[in-house]
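An overview of the molecular structure
Residues per chain are reported as follows:
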Amino acid sequence: MPFFLDCLEGLYQIVSKSGYDIIWTMCNNNDLTDLERIIYNHKVDGVVLMRTYVEDHAIELLQKSQIPFITIGSTDYENVVQIDQDHADGCRELTSILLMKGLRKIALIGGSEEHVVSRTRYLGFQEAFLEMQIPLRSELVYQNQENPIMITNVVEKLLKQSVDCIICMDDSICESVLKTLSKAKIAVPEQVKVASFFNSSILENYSPSITSLDFDTKELGMVAGQTIIDMIRSKEVPQKQLLKYNLVLKESTK
């Protein structure tokens, strides 16, 4: 996924200058075997978690280990240093603009609610409706859509309801939505508008161009890299840093 690659590039750029190497390991919230082995064999000086969960077993493990660590992404766990992007405000702003255009049947397709970022983006979406005192149609909200087949089925349901716009929580969901619409010969934005709460190289070559939130993920990795280096060297660091975003209005919501 472009997010992780870009973020890792920024992280490496910073830590390599300080004489550190990166050990990359894959783990999920239910299997921390590789992370446990790295920690207990004293292979690393610090850890960067690149995704956060609502109930995060990796954070719990690291808090017990006493090793310096940070999260890329927000968390409600106490005393955790966090580097994140302002997803809530970005999603609120993008949704508000679509509502101001007069769109009322706005659908939302999201990923796993176990991920903190999914919940944060949904809160921003909700806040836009609350601020403008417009009822949010819960029957048009589909979360936990984690593969292209599920997303295709949801899009087909939404088309039967004649939605005005489909907002996708991330770039990969948006790609699946666009492919489904193209296969069904549904014109964007003439028949249905599309927007994404996250932009990446995945969406660059689509026509029409896609309205989205643009986050500098390489910068995110660089800030995370400098923060974990400072922690390893016992320097004081901010508890939480929120990086800015750009809202890019393009042809898909005209």
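To be clear, the structure that these remarks concern was listed above.
Since the model is a prediction, treat every value here as computed from it, not as a measurement.

Criteria and cut-off values
Residues numbered from 1 in each chain as written. Predicted model: local features only at pLDDT ≥ 70, side-chain atom pairs only at ≥ 80, totals over all residues. Heavy atoms only, no water. Pairing = 2+ DSSP bridges. Helix = DSSP H or I, 4+ residues; strand = E, 2+ residues; numbered from the N terminus. Contact = heavy atoms within 4.5 Å. Axes fitted to C-alpha atoms, helices over the stretch in contact; angles between N-to-C directions. Salt bridge = Lys/Arg side-chain N within 4 Å of Asp/Glu carboxyl O. Buried < 20%, exposed > 50% of the residue type's maximum accessible area, 1.4 Å probe, protein only.

**Focus: the sheet that holds strand 6 (residues 165–168)**
Within the open sheet, the 6 strands sit side by side as 5-4-6-7-8-10. Their pairing is mixed. Only two strands of the sheet have a single neighbouring strand rather than two, namely strand 5 (141–142) and strand 10 (246–248). Of the strand pairs in this sheet, strand 8 (residues 211–214) and strand 10 are connected by 3 bridges, and their pairing is antiparallel. When the bridges of strand 10 are listed, L213 appears paired with L247. Against the sheet, helix 6 (residues 148–160) touches strand 4 (106–109), strand 5 and strand 6, its axis set at about 170 degrees to strand 4.

**Concerning the pattern of salt bridges**
Inspection of every chain in the model, using the stated rule, returns 6 salt bridges. Among the salt bridges present, the one from E9 reaches K218, with a minimum N-O distance of 3.5 Å. In this pair, E9 is assigned in helix 1 (residues 2–17) and K218 in helix 8 (residues 217–232), connecting sequence segments 209 residues apart. In this structure E9 comes out as partly exposed when scored by relative accessible area, which is 43%. Given the relative accessible area of 31%, K218 is considered partly exposed. A salt bridge links K179 to E175; the nearest nitrogen and oxygen atoms lie 3.9 Å apart. With K179 and E175 both in helix 7 (residues 171–183) and 4 residues apart, this pair spans about one turn of that helix. Given a relative accessible area of 24%, E175 falls into the partly exposed group. The structure contains a network of salt bridges with shared partners spanning D89, R92 and E131.

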